[in-house]
Each structure stands twice: as structure tokens, then as C-alpha cells.
Amino acid sequence: MPTTLTTDVEIKPGIGAGGGKLGPGGDPFGSGPAGSKDWPPGWTSEDAIEPEKYRIGMWVGLASILMLFIALTSAYIVRGVPALSGGDSDWLPIAMPGVLWFTTGVLLVSSVTIEFARRALKRNEYARFKRWISLTTLFGVAFLVGQLIAWQQLAAQGVFINSHPHSSFFYLLTSLHGVHLLGGVIALSYVTVAALRMRIGFKRRTAVDVTAIYWHFMDGLWIYLFGLLFFFR
């Protein structure tokens, strides 16, 4: 097991604010290029904009996901309100699987733990970072397993995707959220493995920031869907 931090990117001459010296807190990567005119030798404007490029890409991706769910929930609301859907009475309530309360709590806690991980990495507290990021990954897996159990509980009640319009929307919205959350779990696994191998370079630090943004978004999206599916009448 390696005991020293290694980097997954080529270290340029003079990296960090100290021109090759350790940065604040002993960070071997320093603060990186922050858009300052005092960039260390070897850094270019490309180095400065790269992390921001990833963040912008993430926000664009989140905007497209948000638009997808807004379109689907608009259809859900129109279909679920008899006055808007032509007075159809085939919209039936769904008994909430009890496991969803647990998985919702797990997802909320995971937002806290990933924030702890992000802040620990920022302070170069690698032991705490590894612990918090590993815990977040486990919480993500637990949420997905809980979703499968919830679908099994509904199937045991005789509620399937084609049972009625409400169940169709339930399976569609929760499966789409689950697929997107699985992407987050894969990203978390990537940085968790890198952390366990002590390979958190500049690019992977950016990956942690971007993954945290994505994870908080998935958490908020689930809370929205949870309220919509079970408390909207």
C-alpha cells in the first residue's frame, strides 16, 4: 500500500504557489492555476481554464437532465389532474414502499458525507477524504439497492409499470433517476479507487468537485420526485 501521494498528471515545473515548494498545508499540488497573473512557470492559460471547463460542462449536462424531468413531470401533473386530463378516473394512488423513507434518508446523508469529503480534500486531509468518499459511494449503492427493493415491494402488491398511469409514471421517473444516479456512483467509485491508491492529482481533484455538484443535484431531484409521486394529489 503506497503511503505517499502520487499524481495522475504530469507535474509542470514550478507547480503551486511556491515555485516547486509545497503549497499551504503541505499540498504537493499547491492551489493550482487560479487565474492569477502570478502563474508559476510552466502553466498556461489552458491549465487555468481546464477545471472551469469541466464545471461548465457539468452545468450544461445538469440543465439537460433538468429539462427532461420538467417535461416528464409536466405530463405527470396534466395526466394526474382529472380536470386537466379530460376527467379520466383511472389515476390510482400508490401505497408508498416503506423502504423509500430509508433510502431517502440515506441519500440526504450522502450529500453531507460528499461535502465532508470535498472539504477534507481541500484541506489535504487525505485520510478523512478517503473515509468520507468511500462512505458516500456505499450510500449511493445502498440507495440503488433500496430502489430495487421498492420495485419488488410494489410488484408484490400487484403494481406494475402497466397497471395504471400513476404506476407507469412511478416506474419511469424512478428508473430514470436511478440510471442517472448510477452514473454518479460510477464517478464516485472512480475517485474512491483513486483515493485508496493515493492517486489524487489535479484532474481528480476537479473530478471530486464536479461529482459533488452532480451528487447534490441528484439528491435534490430525488426529493422533488419523492414529493411529487407520493404527496401530489
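For every chain, the first residue of the written sequence is number 1, and numbering continues from 1 along that sequence. Given that the model is predicted, a residue must reach a pLDDT of at least 70 before its local features are reported, and side-chain atom pairs must reach 80 or more before they are shown or counted; all residues, however, enter totals for whole chains, interfaces and linings. Excluded from the side-chain calculations are hydrogens and water; all other atoms, namely the structure's heavy atoms, are used.

(A) Geometry of the overall build of the protein. Of regular secondary structure, the protein possesses six helices and zero strands. Secondary structure elements follow DSSP: runs of H or I of four or more residues count as helices, runs of E of two or more count as strands, with numbering from the N terminus. Reading the protein from its N end, one meets helices and strands in the order α-α-α-α-α-α. Per-residue accessibility, obtained with a 1.4 Å probe over protein chains only, is compared with the maximum for each type, and a residue is labelled buried under 20%, exposed over 50%, and partly exposed between these values. Going through the 233 residues of the protein one by one, you find that 43% of them count as buried. Here, two residues are considered to be in contact whenever any of their heavy atoms come within 4.5 Å of each other. Counting only contacts in the protein whose residues sit at least 6 apart along the sequence, the fraction spanning at least 24 positions is 78%. Total accessible area on the protein is roughly 12,000 Å²; 68% of this is exposed by carbon and sulfur atoms. Methods summary: accessible areas were calculated by the Shrake-Rupley approach with a probe of 1.4 Å, and residue burial reflects only the protein chains presented.

(B) Broad picture of unusual backbone geometry. Not every positive phi belongs to a glycine, and Asn124 is a case in point at roughly 65 degrees. Mapped onto the fold, Asn124 is located in the loop between α3 (99-122) and α4 (126-156). When its relative accessible area of 13% is taken as the criterion, Asn124 is described as buried.

(C) Just α4, in detail. Here, expected helix span is obtained from the residue count minus one, scaled by 1.5 Å. The end-to-end C-alpha distance of α4, which contains 31 residues, comes to 45 Å, matching closely the 45 Å that a straight helix rising 1.5 Å per residue would cover. Backbone geometry just downstream of α4 places Gly158 in the positive-phi region, at approximately 85 degrees.

(D) A look at the packing of aromatic side chains. Under the pairing criterion, centres of Phe, Tyr and Trp rings, with the six-membered ring standing for Trp, must be within 6.5 Å; the plane angle then separates stacked pairs below 30 degrees from edge-to-face pairs above 60, leaving the rest tilted. Here the structure, examined in full by the defined rule, presents 13 aromatic pairs. Seen in terms of ring centroids, Tyr76 and Phe169 are 5.4 Å apart; in terms of plane orientation they differ by 90 degrees. Their pairing is edge-to-face. Highlighted residues: Tyr76 in helix α2 (residues 45-80) and Phe169 in helix α5 (residues 165-196), separated in sequence by 93 residues. According to the relative accessible area criterion, Tyr76 is buried, its value standing at 0%. Ring centres 5.7 Å apart and planes at 65 degrees place the aromatic pair Phe170 and Phe230 in the edge-to-face group. Here the residue Phe170 occupies a position in helix α5, and Phe230 occupies one in helix α6 (residues 202-231), the gap between them amounting to 60 residues. Residue classification places Phe170 among the buried positions, given a relative accessible area of 2%.

(E) Main features of the packing of α3 against α4. At their nearest, the axes of α3 and α4 sit 8 Å apart, and the two run at 160 degrees to each other. Here α4 runs roughly antiparallel to α3, going by the angle between their axes. By crossing handedness, the relation of α3 to α4 is classed as left-handed. Three residue categories are used. Nonpolar comprises Ala, Val, Leu, Ile, Met, Phe, Trp, Tyr, Cys and Pro, charged comprises Asp, Glu, Lys and Arg, and polar comprises the others, including Gly. Residues that form the contact of α3 with α4 fall into these classes: 20 nonpolar, seven polar and one charged. Orientation is described by axes fitted as lines to C-alpha atoms, over the contacting stretch for helices, and by angles from 0 to 180 degrees between their N-to-C directions. Angles are sorted into four bins: roughly parallel if under 35 degrees, roughly antiparallel if over 145, roughly perpendicular if 65 to 115, and oblique for all others. Each helix crossing is assigned a hand: it is left-handed if the near helix lies turned anticlockwise from the far helix by less than a right angle, otherwise right-handed if that turn is clockwise.

(F) Layout of the pattern of salt bridges. Any carboxyl oxygen of Asp or Glu that lies within 4 Å of a side-chain nitrogen of Lys or Arg is treated as forming a salt bridge with it. Tallied over the entire structure, the rule returns seven salt bridges. Between Arg55 and Glu52 there is a salt bridge, with its nearest N and O atoms 3.7 Å apart. Pair noted here: Arg55 and Glu52 are both in helix α2, with a separation of three residues, about one helical turn. For Glu52, a relative accessible area of 42% gives the class partly exposed. Two residues, Asp209 and Arg118, come together in a salt bridge whose shortest N-O distance is 3.9 Å. Pair noted here: Asp209 is in helix α6 and Arg118 is in helix α3, with a separation of 91 residues, a long-range link. On the accessibility criterion, Arg118 (23% relative accessible area) is partly exposed. Among the ionic contacts, a cluster of salt bridges with common partners joins Glu52, Arg55, Glu115, Arg118, Arg119 and Asp209.

(G) Region of interest: the packing of α4 against α5. Closest axis-to-axis distance for the α4/α5 pair is 9 Å, and the angle between their directions is 155 degrees. Relative to α5, the element α4 lies roughly antiparallel. Here α4 and α5 pass one another in a crossing that is left-handed. Here the contact of α4 with α5 is built from residues that sort into 17 nonpolar, eleven polar and one charged.

(H) Focus on the side chain of His166. With respect to the element layout, His166 can be found in helix α5. Exposure remark for His166: the relative accessible area of 2% places this residue in the buried category. The term polar contact refers here to a pair of N or O atoms within 3.5 Å; inside protein, the definition further demands a hydrogen-donor-capable atom paired with an acceptor-capable atom, and it admits residues adjacent in sequence only when both atoms are side-chain atoms. At a separation of 3.2 Å, a polar atom in the side chain of His166 contacts the main-chain carbonyl oxygen of Leu229.

Honestly, that's just the spatial picture; any functional story needs more than this.
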